[in-house]
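# Structural overview for review
Residues per chain, in single letters:
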Amino acid sequence: YSEFFIAAKANLHILITVFFLMILNWGLEVYKWRYFTIKIKELTFLQSIKSILIGIIAGIFTPNRLGELGGRLLYINSQHRSSAIYINSLCSISQLIATLIFGLLAFTVINEKLDYFQISSFSANTLSYLLIGIILFIYFKGNVLRKIILKLNTMYNNTNATYLLQFTTIDRVKLLILSILRYFVFCIQFILLLFIFIPELSFSNGLISACSIFLLTTIIPSGWISDLPVRTTLAFIIIEFIGYSGAYGSMASIILWVINLFFPALVGLAVIKDEKWRQQHGK
């Protein structure tokens, strides 16, 4: 920690940059939510921000941040909530796909450079590209999620807005592009934080590390108590793996968590209090 404060003081501009990238990060998510919920309700920009911030609070206390959905339904009418759940699910899936794709590509690079997994480059590349192809095919052509929600609507006699449960290929492409942009904001944030402690780290190694950590963090289930320890442990292992002190990876992971989740969660608490005040005073 003493090393961090010394390094942070010398690299204050990096911390400030990472903080502003956090605003861009969540700004992309707000835009995504507002852009696609227009199919069911035209939310104001402020309503979209509040939905996301309250979702962050709920997500921190649930496994793999599943509680984010609760906040996002704040301004959605009950008859449109099935559609909102579908939209939110596709938003989450597109973000997951971005993580899986670039995580798999990082795996192929690591295997080619170090032959650590003792798998031939051809086999590793073939397997990775095949999985990426399957993932993209399911994303663009699969309608399992839509069928499940339509089935639930039928079971509970909720026929409202079923016609809205449509995402065109263009919609899915736009959603995936936004998710990829947000993913790379995450990566750049983490790489910049690593530069504070490891200035000699190359951008390519930092990117491979970030992609690998985000992939493993995503596929390992975690609750609100274990989320941060899992992240920091994986960061420690991966940074040790590429030849640097794992403590720097853990520290970068902690700072990233604080900036990207803790600060927005504090703002979310203020939003919740404001909403309660408005409800109590009929505003």
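Relevant structure appears above.
Residues numbered from 1 in each chain as written. Predicted model: local features only at pLDDT ≥ 70, side-chain atom pairs only at ≥ 80, totals over all residues. Heavy atoms only, no water.

## Quick look at the pattern of salt bridges
Once their charged atoms are close, side chains differing in charge can pair, the charge on each being opposite to the other. In the structure shown here, the tally under the stated rule is three salt bridges. Residue lysine 32 is joined to glutamate 29 by a salt bridge in which the shortest nitrogen-to-oxygen separation is 3.2 Å. Here lysine 32 and its partner glutamate 29 are both found in helix α2 (residues 12–37), three residues apart, which amounts to about one turn of the helix. Per residue, the accessibility class of lysine 32 equals that of glutamate 29, and both read buried. If you follow the salt bridges from partner to partner, you end up with Glu29, Lys32, Arg72 and Arg182 in one network. (Salt bridge = Lys/Arg side-chain N within 4 Å of Asp/Glu carboxyl O. Helix = DSSP H or I, 4+ residues; strand = E, 2+ residues; numbered from the N terminus. Buried < 20%, exposed > 50% of the residue type's maximum accessible area, 1.4 Å probe, protein only.)

## What about the packing of α2 against helix α3 (residues 45–60)?
The N-to-C vectors of α2 and α3 enclose an angle of 115°; their axes lie 9 Å apart at closest approach. Remark: the crossing between α2 and α3 carries right-handed chirality. Residues Trp26, Glu29, Val30, Trp33 and Arg34 of α2 touch α3, and the partners they reach there are Phe45, Ser48, Ile49, Ser51, Ile52 and Ile56. Class assignment for the residues of the contact of α2 with α3 results in seven nonpolar, two polar and two charged. (Axes fitted to C-alpha atoms, helices over the stretch in contact; angles between N-to-C directions. Left-handed = near helix turned anticlockwise from the far one by under 90°. Contact = heavy atoms within 4.5 Å. Nonpolar A, V, L, I, M, F, W, Y, C, P; charged D, E, K, R; others polar.)

## Structural notes on the packing of aromatic side chains
Under the counting rule described, the total for this entry stands at 14 aromatic pairs. Taken together, a centroid distance of 4.8 Å and an interplanar angle of 80° make the contact between tyrosine 35 and phenylalanine 36 edge-to-face. Accessibility expressed as a relative area gives 30% for tyrosine 35, which makes it partly exposed. Residues phenylalanine 102 and tyrosine 183 carry aromatic rings whose centres are separated by 5.5 Å and whose planes lie at 20° to one another, so their mutual orientation is stacked. With a gap of 81 residues between them, phenylalanine 102 in helix α5 (residues 81–114) and tyrosine 183 in helix α8 (residues 169–197) connect regions that are remote in the sequence. For tyrosine 183, a relative accessible area of 2% translates into the label buried. Site record: aromatic cluster; members linked through ring pairs are Phe102, Tyr183, Phe184, Phe186, Phe190 and Phe214. Its end group placed over the ring of tryptophan 33, arginine 72 keeps NZ or CZ at 5.6 Å from the ring centre. For the cation-ring pair, arginine 172 lies above tyrosine 139, with the distance from its terminal atom to the ring centre recorded as 6.0 Å. (Phe/Tyr/Trp six-rings, centres within 6.5 Å; stacked < 30°, edge-to-face > 60°. Lys NZ or Arg CZ within 6 Å of the ring centre and 35° of its normal.)

## Some details on a nonpolar patch on the surface
Together, Leu12, Ile16, Phe19, Phe20, Ile23, Phe262, Phe263, Leu266 and Leu269 make up an exposed nonpolar region whose accessible area comes to about 810 Å². Going through the elements one at a time, α2 and α11 (246–280) are the ones with two or more residues in the nonpolar patch. In terms of residue count, α2 provides more of the nonpolar patch than any other element does, five residues in total. By secondary structure assignment, the location of isoleucine 16 is in helix α2. (Patch = residues over 30% accessible without salt bridge, like charges linked within 9 Å, V, L, I, M, F, W, Y side chains within 5 Å. Areas by Shrake-Rupley, 256 points an atom, 1.4 Å probe, with all protein chains shown as cover.)

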